[in-house]
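Residue-level structural notes
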Amino acid sequence: MERFDVVVIGAGPGGYPAAIRAAQLGASVAIVERERFGGTCLNFGCIPTKTLIASAETFARVCDAAAFGVNVSGATFDYAAMVRRKDKVVDQLRGGVKQLLTANGVKQFSGSAAFKDRETIVVDGDLTIGAKKTIIATGSTSATPGFIPKHDRIVESRAFLALDRLPKSMIVLGGGFIGCEIASMAAMLGVKVVIVELLADILMLLDADLRSEVRAHMEKALGVRVLTGAPLADIAADANGVSGRRGDETLRADLLLNAVGRRPVTEGLNLAAAGLEVDARGFIDADAYCRTKAATIFAIGDVTGKTQLAHFATSQGIVAAENAVGGKPRRHETLVPNVIFTAPEVATVGLSESEARAAERPVKTGKFRFSGLGKSLAAGETTGFVKWIADANSERLLGAAAVGPRATELIATATTAIRAEFTARELGETIHAHPTFSEAWMEAAHALRGESIHAPPRRR
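As a starting point, this report considers the structure included with it. The shown structure was predicted, so the numbers you read here are calculated from the model rather than taken from an experiment.

Helix and strand content of the chain: 13 helices and 22 strands. In summary, the chain has a C-alpha radius of gyration of 24 Å against a globular reference of 23 Å for 460 residues, a match within 12%. Overall size of the chain, expressed as C-alpha extent along the three principal axes, is 70 × 60 × 45 Å. The buried share of the chain, taken over its 460 residues, is 50%.

What follows is the structure, given as C-alpha coordinates:
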(Lines give C-alpha, C1' and ligand atoms only; values in the text may rest on other atoms or scores of the structure.)
Protein backbone atom coordinates (compact mmCIF):
# COMPACT_ATOMS: atom_id res chain seq x y z
CA MET A 1 0.00 0.00 0.00
CA GLU A 2 1.36 3.38 -1.02
CA ARG A 3 1.40 5.89 1.83
CA PHE A 4 1.33 9.68 1.73
CA ASP A 5 1.78 12.48 4.23
CA VAL A 6 -1.34 14.20 2.88
CA VAL A 7 -4.21 12.90 0.77
CA VAL A 8 -6.70 15.40 -0.64
CA ILE A 9 -10.17 14.18 -1.64
CA GLY A 10 -11.53 16.42 -4.37
CA ALA A 11 -9.58 18.40 -6.97
CA GLY A 12 -11.69 21.53 -7.15
CA PRO A 13 -10.70 25.12 -6.32
CA GLY A 14 -10.08 24.14 -2.71
CA GLY A 15 -8.55 20.71 -3.17
CA TYR A 16 -5.90 21.21 -5.83
CA PRO A 17 -4.37 24.34 -4.21
CA ALA A 18 -4.28 22.42 -0.91
CA ALA A 19 -2.39 19.58 -2.59
CA ILE A 20 0.09 21.94 -4.24
CA ARG A 21 0.70 23.91 -1.04
CA ALA A 22 1.31 20.73 0.97
CA ALA A 23 3.78 19.56 -1.69
CA GLN A 24 5.55 22.94 -1.61
CA LEU A 25 6.08 22.38 2.10
CA GLY A 26 7.82 19.08 1.46
CA ALA A 27 5.00 16.61 2.06
CA SER A 28 4.32 13.57 -0.09
CA VAL A 29 0.86 14.27 -1.50
CA ALA A 30 -1.86 12.44 -3.39
CA ILE A 31 -5.15 13.82 -4.69
CA VAL A 32 -8.27 11.83 -5.58
CA GLU A 33 -10.91 13.18 -7.96
CA ARG A 34 -14.02 11.21 -8.86
CA GLU A 35 -14.96 13.23 -11.93
CA ARG A 36 -13.01 16.08 -13.54
CA PHE A 37 -9.96 17.86 -12.19
CA GLY A 38 -10.80 21.48 -11.44
CA GLY A 39 -14.09 20.54 -9.81
CA THR A 40 -17.51 22.07 -10.27
CA CYS A 41 -16.25 25.66 -10.49
CA LEU A 42 -13.93 25.08 -13.43
CA ASN A 43 -15.95 22.46 -15.31
CA PHE A 44 -19.63 23.11 -14.57
CA GLY A 45 -19.94 26.42 -12.74
CA CYS A 46 -17.86 29.60 -12.47
CA ILE A 47 -15.73 29.34 -15.60
CA PRO A 48 -18.27 28.05 -18.16
CA THR A 49 -20.90 30.48 -16.91
CA LYS A 50 -18.59 33.48 -17.13
CA THR A 51 -17.35 32.42 -20.55
CA LEU A 52 -20.91 32.35 -21.91
CA ILE A 53 -21.70 35.63 -20.14
CA ALA A 54 -18.67 37.19 -21.88
CA SER A 55 -20.04 36.06 -25.24
CA ALA A 56 -23.49 37.44 -24.43
CA GLU A 57 -22.03 40.76 -23.30
CA THR A 58 -20.00 41.00 -26.51
CA PHE A 59 -23.15 40.47 -28.58
CA ALA A 60 -25.00 43.08 -26.55
CA ARG A 61 -22.19 45.60 -27.09
CA VAL A 62 -22.18 44.94 -30.83
CA CYS A 63 -25.93 45.53 -30.95
CA ASP A 64 -25.37 48.87 -29.18
CA ALA A 65 -22.42 49.85 -31.38
CA ALA A 66 -24.30 52.64 -33.15
CA ALA A 67 -24.31 54.64 -29.90
CA PHE A 68 -20.51 54.75 -30.23
CA GLY A 69 -20.53 55.76 -33.87
CA VAL A 70 -19.82 52.23 -35.10
CA ASN A 71 -22.20 50.94 -37.74
CA VAL A 72 -22.98 47.22 -37.54
CA SER A 73 -25.97 45.82 -39.37
CA GLY A 74 -27.57 42.43 -39.10
CA ALA A 75 -25.54 41.22 -36.11
CA THR A 76 -26.32 37.62 -35.17
CA PHE A 77 -24.84 35.03 -32.82
CA ASP A 78 -24.08 31.32 -33.01
CA TYR A 79 -24.82 29.81 -29.61
CA ALA A 80 -23.27 26.46 -30.54
CA ALA A 81 -20.02 28.32 -31.33
CA MET A 82 -20.25 30.11 -27.98
CA VAL A 83 -20.54 26.72 -26.28
CA ARG A 84 -17.54 25.38 -28.20
CA ARG A 85 -15.52 28.37 -27.06
CA LYS A 86 -16.67 27.72 -23.49
CA ASP A 87 -15.56 24.10 -23.74
CA LYS A 88 -12.17 25.13 -25.13
CA VAL A 89 -11.58 27.50 -22.21
CA VAL A 90 -12.59 24.82 -19.70
CA ASP A 91 -10.38 22.19 -21.34
CA GLN A 92 -7.38 24.53 -21.29
CA LEU A 93 -7.80 25.37 -17.63
CA ARG A 94 -8.43 21.75 -16.61
CA GLY A 95 -5.25 20.69 -18.40
CA GLY A 96 -3.42 23.46 -16.58
CA VAL A 97 -4.57 22.14 -13.20
CA LYS A 98 -3.24 18.67 -13.96
CA GLN A 99 0.06 20.11 -15.20
CA LEU A 100 0.46 22.13 -11.99
CA LEU A 101 -0.20 19.08 -9.84
CA THR A 102 2.30 17.02 -11.82
CA ALA A 103 4.94 19.75 -11.71
CA ASN A 104 4.63 19.85 -7.92
CA GLY A 105 4.98 16.09 -7.57
CA VAL A 106 1.36 15.44 -6.53
CA LYS A 107 0.23 11.91 -7.39
CA GLN A 108 -3.19 11.95 -9.04
CA PHE A 109 -5.89 9.28 -8.74
CA SER A 110 -9.15 9.25 -10.67
CA GLY A 111 -12.01 7.57 -8.84
CA SER A 112 -14.30 7.77 -5.83
CA ALA A 113 -12.60 7.89 -2.43
CA ALA A 114 -13.94 6.27 0.72
CA PHE A 115 -12.47 5.93 4.21
CA LYS A 116 -11.58 2.42 5.35
CA ASP A 117 -10.39 3.94 8.61
CA ARG A 118 -9.00 7.28 9.71
CA GLU A 119 -5.67 6.75 7.92
CA THR A 120 -6.68 4.49 5.04
CA ILE A 121 -8.56 5.48 1.88
CA VAL A 122 -9.96 3.16 -0.77
CA VAL A 123 -10.30 4.44 -4.35
CA ASP A 124 -13.06 2.88 -6.46
CA GLY A 125 -13.30 -0.02 -4.06
CA ASP A 126 -10.00 -1.69 -4.97
CA LEU A 127 -6.98 0.63 -4.72
CA THR A 128 -5.91 1.36 -1.12
CA ILE A 129 -3.67 4.27 -0.08
CA GLY A 130 -2.45 5.43 3.32
CA ALA A 131 -2.82 8.98 4.62
CA LYS A 132 -1.20 10.51 7.67
CA LYS A 133 -3.47 13.54 7.13
CA THR A 134 -6.51 13.91 4.90
CA ILE A 135 -8.16 17.05 3.52
CA ILE A 136 -11.79 16.63 2.43
CA ALA A 137 -12.66 19.04 -0.40
CA THR A 138 -15.62 17.35 -2.08
CA GLY A 139 -17.67 20.50 -2.67
CA SER A 140 -21.38 20.71 -3.41
CA THR A 141 -23.89 19.93 -6.14
CA SER A 142 -27.29 21.24 -7.23
CA ALA A 143 -30.17 20.47 -4.89
CA THR A 144 -33.41 19.28 -6.47
CA PRO A 145 -36.51 19.53 -4.24
CA GLY A 146 -38.95 16.63 -4.39
CA PHE A 147 -41.75 18.75 -5.90
CA ILE A 148 -39.77 19.23 -9.12
CA PRO A 149 -40.43 16.40 -11.59
CA LYS A 150 -37.69 14.77 -13.65
CA HIS A 151 -37.82 15.63 -17.34
CA ASP A 152 -35.45 16.67 -20.13
CA ARG A 153 -37.06 20.12 -20.16
CA ILE A 154 -36.25 20.64 -16.47
CA VAL A 155 -32.53 21.18 -15.89
CA GLU A 156 -30.14 22.42 -13.21
CA SER A 157 -27.24 24.75 -13.96
CA ARG A 158 -24.80 22.03 -15.03
CA ALA A 159 -27.20 20.56 -17.59
CA PHE A 160 -28.12 24.04 -18.84
CA LEU A 161 -24.46 24.84 -19.52
CA ALA A 162 -24.19 21.67 -21.61
CA LEU A 163 -26.99 22.71 -24.00
CA ASP A 164 -25.87 23.59 -27.52
CA ARG A 165 -28.97 25.64 -28.28
CA LEU A 166 -30.98 28.13 -26.26
CA PRO A 167 -34.71 27.80 -25.60
CA LYS A 168 -36.97 30.56 -26.85
CA SER A 169 -38.40 30.94 -23.36
CA MET A 170 -37.47 29.74 -19.90
CA ILE A 171 -38.63 29.83 -16.30
CA VAL A 172 -35.87 30.26 -13.73
CA LEU A 173 -36.91 28.78 -10.40
CA GLY A 174 -34.88 30.60 -7.76
CA GLY A 175 -33.67 34.19 -7.64
CA GLY A 176 -30.25 33.59 -6.13
CA PHE A 177 -26.95 34.37 -7.83
CA ILE A 178 -26.91 31.26 -10.06
CA GLY A 179 -30.44 31.82 -11.33
CA CYS A 180 -29.95 35.54 -11.87
CA GLU A 181 -26.60 35.12 -13.65
CA ILE A 182 -27.98 32.59 -16.13
CA ALA A 183 -31.18 34.63 -16.54
CA SER A 184 -29.13 37.72 -17.42
CA MET A 185 -27.02 35.82 -19.95
CA ALA A 186 -30.02 34.21 -21.63
CA ALA A 187 -31.98 37.46 -21.75
CA MET A 188 -29.06 39.27 -23.43
CA LEU A 189 -29.30 36.63 -26.16
CA GLY A 190 -33.01 37.16 -26.68
CA VAL A 191 -34.52 34.43 -24.52
CA LYS A 192 -37.84 35.33 -22.88
CA VAL A 193 -37.07 34.81 -19.19
CA VAL A 194 -39.27 34.67 -16.11
CA ILE A 195 -37.68 34.39 -12.66
CA VAL A 196 -39.86 32.95 -9.89
CA GLU A 197 -38.60 33.47 -6.34
CA LEU A 198 -40.42 32.39 -3.18
CA LEU A 199 -38.83 35.11 -1.03
CA ALA A 200 -39.79 38.77 -1.09
CA ASP A 201 -37.11 39.69 -3.62
CA ILE A 202 -34.28 38.28 -5.69
CA LEU A 203 -30.71 38.21 -4.33
CA MET A 204 -31.99 38.55 -0.77
CA LEU A 205 -28.51 38.39 0.76
CA LEU A 206 -27.84 41.85 -0.67
CA ASP A 207 -28.88 45.22 0.72
CA ALA A 208 -32.17 46.51 -0.69
CA ASP A 209 -30.54 49.32 -2.70
CA LEU A 210 -28.31 46.81 -4.52
CA ARG A 211 -31.19 44.43 -5.20
CA SER A 212 -33.39 47.17 -6.60
CA GLU A 213 -30.63 48.34 -8.95
CA VAL A 214 -30.15 44.84 -10.38
CA ARG A 215 -33.86 44.08 -10.58
CA ALA A 216 -34.70 47.36 -12.30
CA HIS A 217 -32.02 46.81 -14.95
CA MET A 218 -33.02 43.19 -15.56
CA GLU A 219 -36.67 44.14 -15.92
CA LYS A 220 -36.31 47.34 -17.92
CA ALA A 221 -33.16 46.80 -19.98
CA LEU A 222 -33.20 43.02 -20.44
CA GLY A 223 -36.95 42.38 -20.40
CA VAL A 224 -36.75 39.76 -17.65
CA ARG A 225 -40.01 39.24 -15.78
CA VAL A 226 -39.33 38.92 -12.05
CA LEU A 227 -42.01 37.35 -9.85
CA THR A 228 -41.35 37.26 -6.11
CA GLY A 229 -43.12 36.43 -2.88
CA ALA A 230 -44.99 33.31 -3.97
CA PRO A 231 -44.06 29.72 -4.92
CA LEU A 232 -44.31 27.98 -8.27
CA ALA A 233 -46.67 25.04 -7.81
CA ASP A 234 -47.98 22.17 -9.93
CA ILE A 235 -44.84 22.04 -12.07
CA ALA A 236 -45.30 19.80 -15.09
CA ALA A 237 -43.33 19.01 -18.24
CA ASP A 238 -43.95 17.19 -21.50
CA ALA A 239 -42.58 17.14 -25.04
CA ASN A 240 -44.12 20.56 -25.73
CA GLY A 241 -42.70 22.47 -22.76
CA VAL A 242 -43.00 23.16 -19.04
CA SER A 243 -45.66 24.81 -16.94
CA GLY A 244 -46.27 25.85 -13.36
CA ARG A 245 -48.88 27.70 -11.39
CA ARG A 246 -48.13 30.87 -9.44
CA GLY A 247 -51.25 32.06 -7.68
CA ASP A 248 -53.96 32.34 -10.30
CA GLU A 249 -51.52 32.50 -13.21
CA THR A 250 -50.16 29.56 -15.18
CA LEU A 251 -46.65 30.12 -16.52
CA ARG A 252 -45.47 28.24 -19.62
CA ALA A 253 -42.04 28.03 -21.27
CA ASP A 254 -39.77 25.80 -23.32
CA LEU A 255 -37.46 25.07 -20.38
CA LEU A 256 -37.30 25.31 -16.59
CA LEU A 257 -34.00 25.99 -14.83
CA ASN A 258 -33.87 24.69 -11.27
CA ALA A 259 -31.67 27.14 -9.34
CA VAL A 260 -33.03 26.77 -5.81
CA GLY A 261 -29.79 25.89 -4.04
CA ARG A 262 -26.97 23.43 -3.50
CA ARG A 263 -26.20 20.53 -1.18
CA PRO A 264 -22.86 19.12 0.09
CA VAL A 265 -21.24 16.11 -1.56
CA THR A 266 -20.49 13.48 1.10
CA GLU A 267 -22.17 10.34 -0.21
CA GLY A 268 -19.82 7.39 -0.57
CA LEU A 269 -17.08 8.82 1.67
CA ASN A 270 -17.90 6.37 4.50
CA LEU A 271 -17.23 9.12 7.02
CA ALA A 272 -18.24 6.93 9.96
CA ALA A 273 -15.18 4.73 9.38
CA ALA A 274 -13.03 7.82 10.02
CA GLY A 275 -14.98 8.84 13.12
CA LEU A 276 -16.88 11.62 11.38
CA GLU A 277 -20.51 12.44 10.76
CA VAL A 278 -22.41 15.19 9.00
CA ASP A 279 -24.57 17.77 10.73
CA ALA A 280 -28.34 18.14 10.36
CA ARG A 281 -27.91 19.90 7.01
CA GLY A 282 -25.45 17.33 5.66
CA PHE A 283 -22.25 19.37 6.09
CA ILE A 284 -18.96 18.38 7.73
CA ASP A 285 -18.20 20.59 10.71
CA ALA A 286 -14.77 22.24 10.61
CA ASP A 287 -13.29 24.90 12.86
CA ALA A 288 -11.44 28.10 11.96
CA TYR A 289 -8.27 26.05 11.41
CA CYS A 290 -10.14 23.74 8.97
CA ARG A 291 -9.90 20.87 11.50
CA THR A 292 -12.70 18.33 11.89
CA LYS A 293 -13.50 16.30 14.99
CA ALA A 294 -11.11 13.62 13.74
CA ALA A 295 -7.58 14.66 14.67
CA THR A 296 -5.94 13.84 11.31
CA ILE A 297 -8.72 15.03 9.02
CA PHE A 298 -9.40 18.53 7.70
CA ALA A 299 -12.34 19.81 5.64
CA ILE A 300 -12.61 22.87 3.39
CA GLY A 301 -14.93 24.57 0.94
CA ASP A 302 -18.61 24.03 0.25
CA VAL A 303 -18.74 20.71 2.09
CA THR A 304 -18.23 22.58 5.39
CA GLY A 305 -21.34 24.73 4.96
CA LYS A 306 -19.47 28.00 5.38
CA THR A 307 -19.24 30.63 2.63
CA GLN A 308 -19.79 28.69 -0.60
CA LEU A 309 -17.42 30.50 -2.93
CA ALA A 310 -14.49 29.10 -4.93
CA HIS A 311 -12.01 31.73 -3.78
CA PHE A 312 -12.86 31.08 -0.14
CA ALA A 313 -12.29 27.36 -0.71
CA THR A 314 -8.88 28.17 -2.21
CA SER A 315 -7.92 30.27 0.82
CA GLN A 316 -9.14 27.54 3.17
CA GLY A 317 -7.25 24.90 1.19
CA ILE A 318 -3.92 26.68 1.58
CA VAL A 319 -4.52 27.13 5.31
CA ALA A 320 -5.56 23.48 5.74
CA ALA A 321 -2.44 22.28 3.92
CA GLU A 322 -0.15 24.39 6.08
CA ASN A 323 -1.89 23.23 9.25
CA ALA A 324 -1.81 19.60 8.12
CA VAL A 325 1.89 19.62 7.32
CA GLY A 326 2.85 21.27 10.61
CA GLY A 327 4.20 24.49 11.97
CA LYS A 328 2.25 27.16 13.82
CA PRO A 329 -1.49 26.71 13.12
CA ARG A 330 -3.26 29.63 11.53
CA ARG A 331 -6.92 30.45 11.09
CA HIS A 332 -8.55 30.79 7.70
CA GLU A 333 -9.48 34.25 6.44
CA THR A 334 -12.96 35.57 7.20
CA LEU A 335 -13.12 38.68 5.01
CA VAL A 336 -14.51 37.14 1.83
CA PRO A 337 -15.61 39.19 -1.20
CA ASN A 338 -18.78 38.04 -2.93
CA VAL A 339 -19.15 38.57 -6.68
CA ILE A 340 -22.26 38.11 -8.83
CA PHE A 341 -22.02 38.28 -12.62
CA THR A 342 -25.51 39.53 -13.33
CA ALA A 343 -26.32 42.46 -15.59
CA PRO A 344 -25.28 44.70 -13.93
CA GLU A 345 -22.54 43.02 -11.90
CA VAL A 346 -22.70 43.10 -8.10
CA ALA A 347 -19.97 42.66 -5.50
CA THR A 348 -19.86 43.00 -1.72
CA VAL A 349 -17.39 42.49 1.10
CA GLY A 350 -17.50 42.86 4.85
CA LEU A 351 -20.41 44.29 6.84
CA SER A 352 -23.58 45.25 4.98
CA GLU A 353 -25.98 48.02 5.92
CA SER A 354 -28.70 45.53 6.78
CA GLU A 355 -26.33 43.54 9.00
CA ALA A 356 -25.31 46.72 10.80
CA ARG A 357 -28.96 47.61 11.45
CA ALA A 358 -29.73 44.09 12.68
CA ALA A 359 -26.80 44.32 15.11
CA GLU A 360 -27.79 47.88 16.09
CA ARG A 361 -24.29 49.03 15.20
CA PRO A 362 -23.98 52.74 14.41
CA VAL A 363 -22.51 53.22 10.95
CA LYS A 364 -22.04 55.87 8.29
CA THR A 365 -22.43 55.20 4.58
CA GLY A 366 -21.12 56.95 1.50
CA LYS A 367 -22.31 56.36 -2.08
CA PHE A 368 -21.21 57.52 -5.48
CA ARG A 369 -23.03 56.72 -8.69
CA PHE A 370 -21.09 55.71 -11.79
CA SER A 371 -23.07 58.28 -13.79
CA GLY A 372 -20.93 60.93 -12.12
CA LEU A 373 -17.66 59.48 -13.42
CA GLY A 374 -16.02 60.65 -16.62
CA LYS A 375 -14.78 57.13 -17.40
CA SER A 376 -18.28 55.67 -17.04
CA LEU A 377 -19.74 58.24 -19.42
CA ALA A 378 -16.91 57.70 -21.90
CA ALA A 379 -17.45 53.92 -21.81
CA GLY A 380 -21.23 54.21 -21.95
CA GLU A 381 -21.59 52.25 -18.71
CA THR A 382 -23.34 54.43 -16.16
CA THR A 383 -25.65 52.06 -14.28
CA GLY A 384 -25.14 51.61 -10.55
CA PHE A 385 -22.97 52.88 -7.71
CA VAL A 386 -20.38 51.98 -5.09
CA LYS A 387 -20.98 52.23 -1.35
CA TRP A 388 -18.86 52.27 1.79
CA ILE A 389 -20.08 51.26 5.24
CA ALA A 390 -17.95 52.65 8.09
CA ASP A 391 -18.02 52.85 11.86
CA ALA A 392 -19.96 55.96 12.85
CA ASN A 393 -17.31 57.19 15.30
CA SER A 394 -13.91 56.16 13.94
CA GLU A 395 -14.97 56.05 10.26
CA ARG A 396 -13.02 52.81 9.92
CA LEU A 397 -14.19 51.02 6.77
CA LEU A 398 -16.22 47.92 7.69
CA GLY A 399 -17.93 46.96 4.46
CA ALA A 400 -18.37 47.86 0.82
CA ALA A 401 -20.61 47.16 -2.13
CA ALA A 402 -20.57 47.86 -5.83
CA VAL A 403 -23.25 47.39 -8.47
CA GLY A 404 -22.49 48.31 -12.04
CA PRO A 405 -19.59 48.18 -14.49
CA ARG A 406 -16.50 46.25 -13.36
CA ALA A 407 -18.04 45.68 -9.90
CA THR A 408 -16.51 42.22 -9.63
CA GLU A 409 -13.05 43.66 -10.29
CA LEU A 410 -13.46 46.81 -8.22
CA ILE A 411 -14.28 44.87 -5.04
CA ALA A 412 -10.63 43.83 -4.67
CA THR A 413 -9.72 47.44 -3.83
CA ALA A 414 -12.39 47.56 -1.15
CA THR A 415 -11.34 44.20 0.30
CA THR A 416 -7.74 45.34 0.61
CA ALA A 417 -8.76 48.63 2.24
CA ILE A 418 -11.00 46.91 4.81
CA ARG A 419 -8.39 44.26 5.61
CA ALA A 420 -5.80 47.01 6.11
CA GLU A 421 -8.23 48.82 8.46
CA PHE A 422 -8.33 52.01 6.42
CA THR A 423 -10.57 54.86 7.49
CA ALA A 424 -12.77 56.73 5.04
CA ARG A 425 -10.43 59.70 5.32
CA GLU A 426 -7.34 57.62 4.47
CA LEU A 427 -9.07 56.05 1.47
CA GLY A 428 -10.39 59.39 0.29
CA GLU A 429 -6.96 61.00 0.54
CA THR A 430 -5.39 58.21 -1.54
CA ILE A 431 -4.92 59.51 -5.08
CA HIS A 432 -6.88 57.46 -7.62
CA ALA A 433 -5.96 57.65 -11.30
CA HIS A 434 -8.27 59.63 -13.58
CA PRO A 435 -10.28 58.76 -15.57
CA THR A 436 -11.02 55.30 -14.12
CA PHE A 437 -13.93 53.37 -12.67
CA SER A 438 -11.98 52.95 -9.42
CA GLU A 439 -12.30 56.69 -8.70
CA ALA A 440 -15.79 55.85 -7.48
CA TRP A 441 -14.31 54.46 -4.25
CA MET A 442 -12.50 57.74 -3.55
CA GLU A 443 -15.63 59.73 -4.31
CA ALA A 444 -17.77 57.50 -2.07
CA ALA A 445 -15.26 57.93 0.78
CA HIS A 446 -15.52 61.68 0.40
CA ALA A 447 -19.32 61.39 0.32
CA LEU A 448 -19.30 59.42 3.57
CA ARG A 449 -17.57 62.37 5.25
CA GLY A 450 -19.80 64.97 3.57
CA GLU A 451 -16.90 66.20 1.45
CA SER A 452 -17.82 64.98 -2.03
CA ILE A 453 -16.49 67.15 -4.85
CA HIS A 454 -18.46 65.57 -7.69
CA ALA A 455 -21.83 64.92 -6.04
CA PRO A 456 -24.50 67.29 -4.69
CA PRO A 457 -24.10 68.06 -0.99
CA ARG A 458 -26.23 66.13 1.47
CA ARG A 459 -29.20 67.99 2.87
CA ARG A 460 -28.65 68.98 6.46
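The next subject is the pattern of salt bridges. Tallied over the full model, the rule gives 29 salt bridges. Lys-367 serves as the salt-bridge partner of Asp-209, at 2.9 Å between the closest nitrogen and oxygen. Here Asp-209 is found in helix α7 (residues 208–220), whereas its partner Lys-367 is found in strand β20 (residues 363–369), with 158 residues between them in sequence. For Lys-367, a relative accessible area of 37% puts it in the partly exposed group. One salt bridge connects Glu-395 with Arg-449, and the closest N-O pair in it is separated by 2.7 Å. Here the residue Glu-395 occupies a position in the loop between β21 (385–391) and β22 (397–403), and Arg-449 occupies one in the segment after α13 (439–448), the gap between them amounting to 54 residues. Look at Arg-449 and you get partly exposed, because its relative accessible area is 27%.

Turning our eyes to something else, we now look at the pairing of strand β11 (residues 225–228). Alignment of strand β10 (residues 192–197) against β11, held across 4 bridges, turns out to be parallel. Bridged to Glu-197 within β11 is Thr-228. With α7 bridging β10 and its parallel neighbour β11, the resulting β-α-β unit is right-handed.

A separate point is a nonpolar patch on the surface. On the surface, a cluster of nonpolar side chains totalling about 300 Å² of accessible area is made up of Val-62, Phe-68, Val-70 and Val-72. Among the structural elements, Phe-68 can be located in the loop between α3 (46–63) and α4 (79–103). The exposure class assigned to Phe-68 is partly exposed, which follows from its relative accessible area of 39%.

By size, the foremost hydrophobic cluster in this structure holds 42 residues, and its most contacted members are Tyr-79, Phe-160, Met-170, Val-193, Ile-195 and Met-218. Per-element accounting of this core gives the leading share, 7 residues, to helix α6 (residues 177–188). If you look at the next biggest cluster of nonpolar residues, it comprises 27 residues, including Leu-397, Ala-407, Phe-437 and Ala-445.

Let us look at the state of the cysteines. Linking two cysteines covalently via their sulfur atoms produces the bond known as a disulfide. Under the defined criterion, the tally for this structure stands at 1 disulfide. Between the sulfur atoms of Cys-41 and its disulfide partner Cys-46 the distance amounts to 2.5 Å. Between Cys-41 and Cys-46 the sulfur-sulfur dihedral comes to about -130 degrees; the bridge is accordingly left-handed. What makes Cys-41 buried here is its relative accessible area of 15%. A relative accessible area of 30% places Cys-46 in the partly exposed class. Of all cysteine sulfurs, the one in Cys-41 lies closest to Cys-290, which takes part in no disulfide; the gap is 18 Å. Judged by relative accessible area, Cys-290 falls into the buried class, the value being 0%.

With that settled, consider the side chain of Arg-94. Following the sequence through the fold, Arg-94 ends up in helix α4. Residue Arg-94 is classed as buried on the basis of its relative accessible area, which comes to 18%. Ignoring sequence-local partners within four residues, the contact set of Arg-94 consists of Arg-36, Phe-37, Leu-42 and Asn-43.

Definitions and cut-offs
Residues numbered from 1 in each chain as written. Predicted model: local features only at pLDDT ≥ 70, side-chain atom pairs only at ≥ 80, totals over all residues. Heavy atoms only, no water. Helix = DSSP H or I, 4+ residues; strand = E, 2+ residues; numbered from the N terminus. Rg over C-alpha atoms; globule rule 2.2 N^0.38 Å. Buried < 20%, exposed > 50% of the residue type's maximum accessible area, 1.4 Å probe, protein only. Salt bridge = Lys/Arg side-chain N within 4 Å of Asp/Glu carboxyl O. Pairing = 2+ DSSP bridges. Right-handed = clockwise from strand over helix to strand, strands pointing away. Patch = residues over 30% accessible without salt bridge, like charges linked within 9 Å, V, L, I, M, F, W, Y side chains within 5 Å. Areas by Shrake-Rupley, 256 points an atom, 1.4 Å probe, with all protein chains shown as cover. Core = buried A, V, L, I, M, F, W, Y, C linked by side-chain atoms within 4.5 Å. Disulfide = S-S within 2.5 Å. Contact = heavy atoms within 4.5 Å.

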